[in-house]
Amino acid sequence: MINSHLEIDSSIENLIENSIEIPPTFEFGERSSNIAFKLAKFLKKSPMKIAEELSQGINNNLDEKTLIVKTTPVKGYINFFINFIPFFNRLYTQIKKEGAKYGENTRGKGKKIIVEHTSINPVKALHIGNLRNAILGDCIARIYKRNGWKVEVQNLIDDFGRQVATLIWGILNGHHLGVVREINEKYDVWLGKVYSHCNSLLAENDLWPEVDKVMVDMRHDPHMYRFMRNICQTCVDNNLETSWRYGVTYNYLVWESDISRSGVWEETLRLLEKNSSFHWEKEGSNAGCFIANLGKLDEFQDKKNPDKVFVRSNGIPTYVAHDVALQLWKFGIVKANLISRSVVKQKNESEETRDLWTSTDFRVSGEKGKIFGKSNRVCNVIGMEQNYEQEIVRYSLKLLSLNNEFENSFHMSYKHVNAPHARFSGRTGNWIEERAWADAVFEDTYTAAFKAISKKRPDLEDNPIKREKIVNSITAAAIRYWLVKFSTETEIKFRIEDATSLEGDTGPFLMYSTVRAMKILTKLSKIKAFSARGDYAITQNEKNLILQLYRCPKVIKNAADSLQPLMIAKYAYELASSFNRFYETSRVLNAESAKLKNFRVALVQIFSIVIQNILHILGIPIVDEM
RNA sequence: GGAUCCGUGGCUCAGCAUGGAUAGAGCGUCUGCCUUCGGAGCAGAAUGUCGUGGGUUCAAAUCCCUCCGGAUCCGCCA
């Protein structure tokens, strides 16, 4: 009885909350509700009539202390007009008090999420598509942190895969000698060229069995393993440099070969064998294989062959089986531990400095390890071509009756970045001629930013160190923003003029309005605490900015729930635009009256706080001039 | 063959989850704004059968179905 009342109450609350929207024009107030339309059916009255009655009822209960001045019924809508002075006063107090924490919430308190991203094969440089993955993952990690979660960022290094075997085969046969390494060319870029060269040689001569042999040797011959791991290590070191340039950092590098040795897979197999949904096939085309019986789930009925091979007849587990094991390990269901070692302190201007750890194949005596994994939620940032594979991982948890883990497995799926008329592929190496690897995009954008600053800030020629720092920041901002401003469901077409753009809906635009606000604040001799007294006129642009500042906490919630960093980017742009319009029409330092100046300074103060909080989430560096 | 995603001004994209008032941005084009806190900015103009056809609804870019066009997946590859 009580429960059903509560349900009704909360559904009414939802109904009201969901009915609130932002009207198309401020003539209709600052907020409006279409609730009269929804109620019309039940009350069997016209929406116009209901809106009039509700509006009247609300108006009768308003006084000068309430945050609403008045409501008006218009064509069935109820429009709300905000009492801006007390509203602003309250918002100002809150933002000043919370400061860098404004916008955050504690929904994830006591819970931990693992975000896995980047995870490229250690045979090449990051191309722009891998960078999209890294930036999206980095943003979602930052977003989760603001939602109160403990976040662990992992980067999976697949050193046991076919790609690495392909590269090693090529090097053992001296094929890398035929690939010229340019002067100053990064090792990982050159390695990527070798890798695609090897692929074409293998395809032409059909030499794949030789690669299979390398794959086996890597596992069983310690010298071969060491040789391979050293090459991969150098590649990973290079890849990290690229990530760091863009402000992307990790907590833990997980090496596939370390997982193999840790017993994670064996433990997983024992777990699966005990479950009736998995079995060793005795007959048919899959005879001798270990099979996941996904066909028993409704979701897989439409598949041609819903059952999935987890272990091949030669005893080697498949990629998807490995992923299931990894997922179980991330949740702490599989308990085997990896040996870990602290590697380096990552420098990161915008976030805190983070310790980077790696899994390792040997322990130095006296060295302290650290336990990773054991999380409540997992978010894997992986391209949408692996949607099906990720579903298999998720539903395998369901087959194991791990419903909580099933519910908490998130696949952040995104489309690729491609050349306007072709796909980028590490195998074919077509990212080389398009200059689409992440370092080249950085260089090209750097050039554009440098050109711009030389023109706008000739005075900085005397301070090349400062200038370089600013140009680096602008470059990272431009590319990072460009990669998150699209929905993850949109394929990005790589055009260098888009990536390097510095005006309009771009990262540098956000930085610029931040700089404007900071400049105003530094010109004040003293910043006094604001308190609203009496009356002063608030312009439409000012109201607009106030409302944008107010939206922040909700945006951070929604971005986490929908796994869309785009929402933060859109908000940042709207917030900065609102500030620029305010800046254009409202003088701050020489405002018309002291009271007005006081108010506008306060507004600039809280804008400065909120925009910086938001730029931190986007990983956009903050500079005080540009 | 089956499944998933996409289709919105000349170009590139938001909006679709939870249907609501005049469909929003940026780029490009055109017109204004520097004796004013920094013009990487602001104000304004032009450009739209929201792929097609149907359905549900008081109301559809949004939900359902058809078809067309594009991408991806359905492996003892990763």
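Predicted model only: the values in this text are computed from it and were never measured.

The rules behind each value
All residue numbers here refer to positions counted from 1 along the written sequence of the relevant chain. Chain labels run from A onward and ligand labels from 1 onward, assigned in the order the entries are written. The predicted origin of the model limits local features to residues at a pLDDT of at least 70 and limits the giving and counting of side-chain atom pairs to 80 or more, whereas totals for whole chains, interfaces and linings rest on all residues. Here the side-chain values reflect all heavy atoms present in the structure, with hydrogen atoms and water set aside. Buried residues of nine kinds, namely Ala, Val, Leu, Ile, Met, Phe, Trp, Tyr and Cys, make up a nonpolar core once their side-chain atoms join them within 4.5 Å. Exposed residues in this analysis have more than 50% of their type's maximum accessible area, buried residues have under 20%, and partly exposed residues fall in between, with area computed by a 1.4 Å probe over protein chains only. Put simply, DSSP H or I for four residues or longer makes a helix, DSSP E for two residues or longer makes a strand, and each gets a number counted from the N terminus. Contacts are assigned to residue pairs with any non-hydrogen atoms lying within 4.5 Å of each other. A pair of strands is treated as paired once DSSP finds two or more bridges between them. Angular values range over 0 to 180 degrees, each being the angle between N-to-C directions of two axes fitted as lines to C-alpha atoms, with helices fitted over their stretch in contact. Bear in mind that the domain bounds are from an automatic or database domain assignment. Here, a salt bridge means any side-chain nitrogen of Lys or Arg that lies within 4 Å of a carboxyl oxygen of Asp or Glu. In protein, a polar contact requires one atom able to donate a hydrogen and another able to accept it; more generally it is a pair of N or O atoms within 3.5 Å, and residues adjacent in sequence count only if both atoms are side-chain atoms. Note on residue categories: nonpolar means Ala, Val, Leu, Ile, Met, Phe, Trp, Tyr, Cys or Pro, charged means Asp, Glu, Lys or Arg, and polar means any other residue, Gly included.

### Side note on the nonpolar core
Okay, so step 1: In this structure, Phe 88, Ile 128, Leu 549 and Leu 618 are the most contacted members of the largest nonpolar core, which totals 142 residues.
Okay, so step 2: The element that contributes the greatest number of residues to this core is helix H21 (residues 594–618), accounting for 15 residues.
Okay, so step 3: With residues up to four places along the chain from it excluded, the contact list for Ile 128 reads Val 417, Phe 424, Ala 436, Trp 437, Ala 438, Val 441, Trp 482, Leu 483 and Phe 494.
Okay, so step 4: In this structure, Leu 297, Ala 321, Leu 338 and Leu 399 belong to the second largest nonpolar core, which totals 38 residues.

### Describing the side chain of His 127
Okay, so step 1: Mapped onto the fold, His 127 is located in the loop between strand E5 (112–116) and helix H5 (128–146).
Okay, so step 2: Residue classification places His 127 among the buried residues on the basis of a relative accessible area of 6%.
Okay, so step 3: Setting aside chain neighbours within four positions, we find His 127 in contact with Trp 431, Ala 436, Trp 437 and Ala 438.

### Side note on the sheet that holds strand E2 (residues 31–33)
Okay, so step 1: Taken in spatial order, the four strands of this open sheet run E1-E2-E4-E3, and their pairing is antiparallel. The sheet is open, and its two borders are formed by strand E1 (20–21) and strand E3 (68–74), each paired with just one other strand.
Okay, so step 2: Against the sheet, helix H3 (residues 47–60) contacts E3 and strand E4 (77–82), and its axis sits at roughly 165 degrees relative to E3.

### Structural notes on the domain arrangement of chain A
Okay, so step 1: When the domains of chain A are assigned, the result is domain 1 (2–82) and domain 2 (438–618).
Okay, so step 2: The C-alpha centroid of domain 2 is placed 34 Å from the C-alpha centroid of domain 1.
Okay, so step 3: The interface is formed by five residues belonging to domain 1 together with seven residues belonging to domain 2.
Okay, so step 4: Between the two partners, domain 1 and domain 2, sit zero salt bridges.
Okay, so step 5: Our count for the domain 1 to domain 2 interface comes out at zero residue pairs in polar contact (both at pLDDT 80 or more).
Okay, so step 6: A breakdown of the residues in the side of domain 1 that touches domain 2 according to their chemical character gives two nonpolar, no polar and three charged.

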